[in-house]
Amino acid sequence: MPYRRNFVRRFSGLLFLASLTVCLWLGQFPHNGHLSWSASATAQTTNAAQLVQQGVDRYQAGNYLESIKAWKAALEEYQKRNDRPGTALVLENLARAYEQLGQTDQSLAHWEQLSKLYRQTNDLPQEGRVLIELAQTYSRIGQPRKAIALLCNPDDQGNCAKDSTLHLFRTSHHATLEVAALGSLGDAYRLIGEYDQAITKALEPGLQLAKELKHVAYQRSILNSLGNAYLSRAQVNYRRAAAALQRGNQKASKVAQEKGLQADKAALVQFEASKALAQTQGDQTGDQTSELRSLVGAIPAYYRTGETLSATNALAKANQLLTVLPNNRERVYMTIDLAQLLQPESATGTLSKNRCSQTPSPPQIEALLRQAIDSARQLQDDRAASFALGALGHLYECRSDYAKALDWTAQARWAADQALHAKDSLYLWEWQTGRILNAQQQTKEAIKAYERSLSTLETIRGDILIAERDIQFDFRDGVEPIYRELVALKLSQEQPVSTWSKTKDVSASKQDFQSILGTIDALKLAELQDYFGSECIIVAASQAGGNSQVETGTAVFNTFILEQRMAVILSLPKGQKKFAWVDMPRSTLLEQINAFRQGLQSYRYKLDGYDTEPARQVYDWLIRPFAKDLEQEKIKTLVFVQDGILRSIPMAALHNGEKFLIQQYAIAITPSLPLTDRTPLKRNDLRVLALGLTEGKTVGGEKFQPLDYVGQETSAVTAELPGSKLLLNGAFTSDQLQKELGQTAYPIVHIATHGKFGTDPKDTFIITGNGEKLTLTDLEKLIRRKSRNQEPLELLALTACETAVGDDRSALGLAGVALQAGAKSAVASLWSINDTATATVATDFYAHLRNSTRTKAEALQAAQVALLEQPQYAHPAYWSPFILIGNWQ
């Protein structure tokens, strides 16, 4: 089953490996391995030394605020005497104490002061050690890219810069520091989703070096990190298995599932090796903490690989270890983790975080959560307390004890509001409040709580969806449902024009849909950020202007899929809004849409061999309830903002029983209306840079067949627009593309080559003439470099691309291609047609585009209609896969 990373664990120790560098100070720290407490002999005046010792005692007792007071007084004395060793000692202790309190801004400030101090004395080992601490802190607060830049600052090939921290350690032969840096770098790579980089470039080399140094503590830490990296790799493969199953590809699902199991087994090897090392080192606190980390990390993998007894034993041992650990924030978070791991469905990821188990919760869960609350409060750690309180609130929510659930959740909200950097928990508890209120039929109050949750989420969305790519697959569990549930609540207050399959009441809704559409648009932006993991989407959104007005002659359809039904919202010129319900479970909708798509792709048949019934069915859902409105408003262009699986089908192929939709309207899709730059096409110098591949290629073990008609297509396209240029086969390389875009302003880039849109952006690519995979991110970089000093790209055409049937995430990538690539519009294919039909559509499209009276949507409509009127190309498989994305003007 798919693995859903525990949401609390994501923030608890983002890194269970955590203290790699602490081990460097074992000889100078007290037994807890966390603090410096002995300065040089000359530095220790009696008063300062006593203050340092007082701070150590209070720290070890968990009284971090009092320890800070003592150390700040000691720091003042050391600085008066210009005592650098004493100053360094106290700065480090303060950094660690502030970290324990969750005050990361203060912690970072003290690490930076310490780094500057060591730099002034040219003490490379100590400065390097502090830089590693800084990097780990960045990773713990969700800024792993800063950690990577600090440690490595890699080039496009992943090689560290010569002035990077890691390179300096290697060239100066500081092997111990190099191990610590590699471990921290591996974790940072994992947190941005670069699992292969984490394992092969950082953690495995770091482990080998730690073995050569016979440094057991480092080996334990890196083995834990490797275990976490393999768990993340398993997560990706389970997600791919689920996506393949959704689109009906049993074979691909089985392969991905097996890869996930293998990754889980590899993770267990690492965790068990780390645990064995910890158990051979005695009963020191650091060893017990390391053993506990290994146990907690291994439990989900034990369950998923069928080792239930091992999972049970690990839980028992973990609970035993928990009782002997000192009271600190890591113990609080691991207590919460253990509480959740006691529910096997939560451990394996089969239970979403906002759902309740069908089996009763073990009584130990509540006891552990109350223990975590008490510990967090003793530590005065509001952030940790908020997670513990919120988890207890959810426990009561699942028991339907809503009064207690609201009380504990309110306390969680208050704690999160008091803490620094705790908005990532605050939005969760606002959401939880909304769910509980909705369960009590307090709809209006529930809506307010949901809106507060999204308002909070809006301030941290970029950090969650971009900085920490390791949790990208939590999006559908921890972010998307909030939007969907809020829209469902708001729509429940509105009056539809019709409910398909039940009634045909045509009374128009008089309510204002602006807030509903605003929530939907916010979800679309969040989905694209989650998919691409790129700030370019945010930039594009800000540049588009946020215009949600509908032009004369245009109608916009928003679809929104819920568990048991789908909403269809129509926006007309002059601000008119109407909507209809389609009462159909999501699973049934998925089956019918997939069947429609599969029928469309079964081409090389005559039209009388094509069954239009599925196309009529979808037309009845989406268009028929509003047909009279479209006629009355004299609509010429339909723009679709599709949701989920609906992105994978061409609206042009819908059928009203007499004709296809493309024969009635020009059609475009856009991921979101406010994200769309709708400035009219500039028709001056409409030249095109065309790139094509006719040859077959084998790339990464995957065979791509020759595209026999690409030469005809690209030659015709360049002939249609004067001043154009063609790069075919060997001339089509990323370097040559970059060179051409840098030399000449091409408003249009037309690419005819194999391309795929996958579940993950890394699986989204086109094949170049020299057999390289050019990812959409690579293409975006090339195009945006071109756009820096020139007008943005008007149009990007990808005419031989494919999206998998039933894969709504790959269709999401296609929907966002124009935004991601920095183009106003894109023309792309949902599936590849190796036929002269593609060349005909492309050539006619550009010919009509030169006509100043036609919009882009109308130009594509004219080309598609002309093709379908030819008997040999009447089947929609030939003309319908070409879709216009983005600006339709």
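Residues numbered from 1 in each chain as written. Predicted model: local features only at pLDDT ≥ 70, side-chain atom pairs only at ≥ 80, totals over all residues. Heavy atoms only, no water.

A closer look at unusual backbone geometry
Short version of the rule: Per the convention used, a helix needs a DSSP run of H or I reaching at least four residues, while a strand needs a run of E reaching at least two, with both numbered from the N terminus. Per-residue accessibility, obtained with a 1.4 Å probe over protein chains only, is compared with the maximum for each type, and a residue is labelled buried under 20%, exposed over 50%, and partly exposed between these values.
Of note, K574 is a non-glycine position whose phi angle comes to about 70°, a positive value. Here K574 is to be found in the loop between β3 (565–571) and β4 (577–583). Here K574 falls in the exposed class, since its relative accessible area comes to 79%. Located in the positive-phi region is N729, a residue other than glycine, with phi close to 55°. Relative to the helices and strands, N729 resides in the loop between β10 (725–728) and α30 (734–743). Taking relative accessible area as the criterion, N729 reaches 13% and is therefore assigned buried.

Observations concerning the nonpolar core
Stated formally: Put simply, a nonpolar core is a bunch of buried Ala, Val, Leu, Ile, Met, Phe, Trp, Tyr and Cys residues held in one set by side-chain atoms that sit within 4.5 Å of each other. Should any heavy atoms of two residues lie within 4.5 Å, those residues are counted as being in contact.
In this structure, V90, L338 and L491 are the most contacted members of the largest nonpolar core, which totals 146 residues. Once residues lying within four places of it in the same chain are set aside, the contact partners of L491 are F513, I516, A567, I569, F579 and W581. Membership of the second largest hydrophobic core comes to 116 residues, among which are W621, F660, I662 and V749.

Digging into the packing of aromatic side chains
Centre-to-centre distance and the angle between the planes together describe a pair of aromatic rings. For clarity, the cut-off: Whether two aromatic rings pair depends on their centres lying within 6.5 Å, for rings of Phe, Tyr and Trp, where Trp uses its six-membered ring; planes under 30 degrees apart make the pair stacked, over 60 edge-to-face, and the rest tilted.
If you walk through the whole model with that rule in mind, you get 11 aromatic pairs. A ring pair is formed by Y59 and W71, whose centres lie 6.0 Å apart and whose planes are at 40°; its orientation type is tilted. Residue Y59 is found in helix α2 (residues 46–60), and its partner W71 is found in helix α3 (residues 64–80); the two are separated by 12 residues along the sequence. Each member of the pair Y59 and W71 is classed as buried. Look at F660 and W879: their rings are 5.0 Å apart centre to centre, the planes differ by 75°, and that puts the pair in the edge-to-face class. Separated by 219 residues along the polypeptide, F660 in the loop between β5 (637–641) and β6 (666–669) and W879 in helix α36 (residues 876–879) bring together distant segments of the chain.

Focus: the pairing of β4
Formally: Pairing between strands requires that DSSP locate at least two bridges from one strand to the other.
Within β4, six of the seven residues are buried, leaving the element largely enclosed by the surrounding structure. Where β3 meets β4, seven bridges bridge the pair, whose relative direction is antiparallel. In the sheet register, R565 faces β4, and the bridge partner there is D583. Linkage of β3 to β4, two consecutive antiparallel strands, is achieved through a turn of five residues, within which K574 is found at a positive phi near 70°.

So, the state of the cysteines
To keep it simple, the criterion reads: The disulfide definition used here is simple: a pair of cysteine sulfur atoms within 2.5 Å.
A complete count under the given rule lists two disulfides for this structure. Here C152 pairs with C160 through a disulfide, and the sulfurs are 2.0 Å apart. The S-S bond linking C152 to C160 shows a torsion near -105°; that makes this disulfide left-handed. A sulfur-sulfur distance of 2.1 Å marks the disulfide that ties C356 to C398. Between C356 and C398, the S-S torsion sits near -80°, and that sign places the bridge as left-handed. On the criterion of sequence distance, the pair formed by C356 in the loop between α16 (344–348) and α17 (363–379) and C398 in helix α18 (residues 382–398) is long-range, its members being 42 residues apart. Take C398: its relative accessible area is 30%, and that puts it in the partly exposed class.

Remarks on the environment of M566
Along the chain, M566 falls in strand β3. In this structure M566 comes out as buried when scored by relative accessible area, which is 1%. Remark: the alpha-carbon pair of M566 and A580, spanning 14 residues in sequence, is separated by 8.4 Å. Excluding residues that lie within four positions of it along the chain, M566 makes contacts with T559, F560, I561, A580, W581, V582, L589, W621, L622 and L646.

Brief notes about the side chain of S880
Heads up, the condition is: Residues adjacent in sequence count toward polar contacts only when both atoms are side-chain atoms; beyond that, a polar contact is any pair of N or O atoms within 3.5 Å, and within protein one must be able to donate a hydrogen and the other to accept it.
If you trace the backbone, S880 turns up in the loop between α36 and β18 (882–886). Of the polar contacts made by the side chain of S880, one reaches the backbone oxygen of P876; its length is 2.5 Å.

Considering the confidence of the model for the protein
Stated formally: Confidence of the prediction at every residue is given by pLDDT, a number between 0 and 100.
With 86% of its residues at a pLDDT of 70 or more, the protein has an overall mean of 83. β5 holds the highest mean pLDDT among the elements of the protein, 97, whereas helix α1 (residues 7–12) holds the lowest, 35. Scored below 50 in pLDDT, residues 467–473 makes 40 contacts in the model with residues more than four places away or belonging to other chains. With pLDDT under 50 throughout, residues 501–511 is counted as low confidence; its partners more than four residues away or in other chains account for 19 contacts.

As for helix α15 (residues 329–341)
Counted only if it meets this: Given a helix with a known number of residues, its expected span is that number minus one, times 1.5 Å.
With 13 residues, α15 should cover 18 Å at 1.5 Å per step; its first-to-last C-alpha distance of 18 Å lies within 8% of that length. Among the 13 residues in α15, 12 count as buried, and that is most of the element. Within α15 the residues assigned to the buried category are R329, E330, R331, V332, Y333, M334, T335, I336, D337, L338, A339 and L341.

Here's the deal with the sheet that holds strand β13 (residues 765–767)
For the record, the criterion: The axes used here are C-alpha line fits, helices contributing only the stretch in contact, and every angle between their N-to-C directions lies in the interval 0 to 180 degrees.
If you walk across this open sheet you meet the four strands as β14-β13-β12-β16, and the pairing is mixed. Unpaired on one side and paired on the other, β14 (773–775) and β16 (801–803) mark the two borders of the sheet. Pairwise comparison of adjacent strand axes, ignoring direction, gives a mean angle of 20° for this sheet. Here three bridges tie β13 to β14, and the two strands are oriented antiparallel to one another. Bridging across to β14, I766 finds its partner in L774.

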